[in-house]
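Chain by chain, the residues run as shown.
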Amino acid sequence: MRYYHRHSFFPLVIIFLSLLLAGLIYWSVKTQPSSSPAITQQEVESVDPQAYREALTQIVGTFDERMSSSQDDLDKLLAAQTALAGLLELRVPAEFKDLHLALAVAFSDMEKALQSEDRAIDVPLAQVSQLKQTYSWLTP
């Protein structure tokens, strides 16, 4: 019996697809995008240091008033939470980042201490007092 070899178009298809791929790569490298989307830059507004000082002085003053008039640990906890929330809402000028971070840590430590069984807030209160001595404008 005689064996007949059938010719296939598979090699032609591979050659055609290879040429098509090479042409696509060449075309994508040669053409530059005609209209690239513009990169939007967010304008950075400078933070007024005087406005920050006034807001921070008000937050610390309110905290001091609430701490002095607090009857129990729940009132102290609410005072610390309110002060921390107000502090976190502020935009901070570059020169006051260390102060802002130290106050946030002190208020957070106070909040954690009041939520624990120990309820000792002497160290965070001393930190806030030290910051008020260092930055005399914090005291209203």
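Residues numbered from 1 in each chain as written. Predicted model: local features only at pLDDT ≥ 70, side-chain atom pairs only at ≥ 80, totals over all residues. Heavy atoms only, no water.

Draft legend 1. Focus on the overall build of the protein. Scanning the protein for helices and strands turns up 5 helices and 0 strands. Reading the secondary structure of the protein in the N-to-C direction produces α-α-α-α-α. Classification of the 140 residues of the protein by burial places 25% in the buried group. When contacts within the protein are restricted to residue pairs at least 6 apart in sequence, those whose partners lie at least 24 apart make up 65%. (Helix = DSSP H or I, 4+ residues; strand = E, 2+ residues; numbered from the N terminus. Buried < 20%, exposed > 50% of the residue type's maximum accessible area, 1.4 Å probe, protein only. Contact = heavy atoms within 4.5 Å.)

Draft legend 2. Focus on helix 4 (residues 97-115). Between its first and last C-alpha, helix 4 extends 27 Å over 19 residues, near the 27 Å set by a 1.5 Å rise per residue. Considered for burial, the residues of helix 4 that qualify are Leu99, His100, Leu103, Ala104, Ala106, Phe107, Met110, Glu111, Ala113 and Leu114. On its buried side, helix 4 packs onto helix 2 (49-68), helix 3 (73-89) and helix 5 (122-134). (Expected span 1.5 Å × (residues − 1).)

Draft legend 3. Seen up close, a nonpolar patch on the surface. Taken together, the side chains of Phe9, Leu12, Val13, Ile15, Phe16, Leu17, Leu19 and Leu20 make up a nonpolar region of the molecular surface, amounting to roughly 870 Å² of accessible area. Mapped onto the elements, leucine 12 comes out in helix 1 (residues 10-30). (Patch = residues over 30% accessible without salt bridge, like charges linked within 9 Å, V, L, I, M, F, W, Y side chains within 5 Å. Areas by Shrake-Rupley, 256 points an atom, 1.4 Å probe, with all protein chains shown as cover. Salt bridge = Lys/Arg side-chain N within 4 Å of Asp/Glu carboxyl O.)

Draft legend 4. Region of the structure containing the side chain of histidine 100. With respect to the helices and strands, the residue histidine 100 is situated in helix 4. Of the residues examined, histidine 100 reaches a relative accessible area of 10% and is grouped as buried. Once you skip the residues sitting within four places of it in the chain, histidine 100 turns out to touch Tyr52, Leu87, Leu90 and Val92.

Draft legend 5. Representation of the packing of helix 4 against helix 5. Contact pair helix 4 / helix 5: the axes reach a minimum separation of 8 Å and the direction vectors enclose 155°. Overall, the two elements helix 4 and helix 5 adopt an arrangement that is roughly antiparallel. For the pair helix 4 and helix 5, the crossing hand works out as left-handed. Counting all contacts with helix 4, which are made through Leu99, Ala102, Leu103, Ala106, Phe107, Asp109 and Met110, the residues of helix 5 involved are Pro124, Leu125, Gln127, Val128 and Leu131. (Axes fitted to C-alpha atoms, helices over the stretch in contact; angles between N-to-C directions. Parallel < 35°, antiparallel > 145°, perpendicular 65-115°, else oblique. Left-handed = near helix turned anticlockwise from the far one by under 90°.)

Draft legend 6. Representation of the nonpolar core within the structure. Of all hydrophobic cores here, the largest spans 25 residues; its most connected members are Leu56, Phe63, Leu99, Leu103, Phe107 and Met110. For this core, the secondary structure elements donating two or more residues are helix 2, helix 3, helix 4 and helix 5. Looking at this core, the element that brings in the most residues is helix 4, giving 8 residues. Ignoring sequence-local partners within four residues, the contact set of phenylalanine 63 consists of Ala79, Ala80, Ala83, Phe107, Met110 and Leu125. (Core = buried A, V, L, I, M, F, W, Y, C linked by side-chain atoms within 4.5 Å.)

Draft legend 7. Examining helix 3 more closely. Under the 1.5 Å per step criterion, the end-to-end length of helix 3 is 24 Å for 17 residues, consistent within 8% with the ideal 24 Å. Considered for burial, the residues of helix 3 that qualify are Leu77, Ala79, Ala80, Ala83, Leu84, Gly86 and Leu87. Each element contacted by the buried residues of helix 3 is listed here: helix 2 and helix 4.

Draft legend 8. Just the pattern of salt bridges, in detail. Enumeration according to the criterion identifies 2 salt bridges in this entry. Across the salt bridge formed by arginine 119 and aspartate 73, the nearest N and O atoms sit 3.6 Å from each other. Taken together, the positions of arginine 119 in the loop between helix 4 and helix 5 and aspartate 73 in helix 3 put the pair 46 residues apart, joining distant regions of the chain. For aspartate 73, a relative accessible area of 28% gives the class partly exposed.

Draft legend 9. View of the environment of phenylalanine 96. Its location among the elements puts phenylalanine 96 in the loop between helix 3 and helix 4. Along the sequence, phenylalanine 96 and arginine 53 sit 43 residues apart, while their C-alpha atoms lie 9.1 Å from each other. Apart from residues no more than four positions distant in its own chain, phenylalanine 96 is found in contact with Pro49, Tyr52, Arg53 and Trp137.

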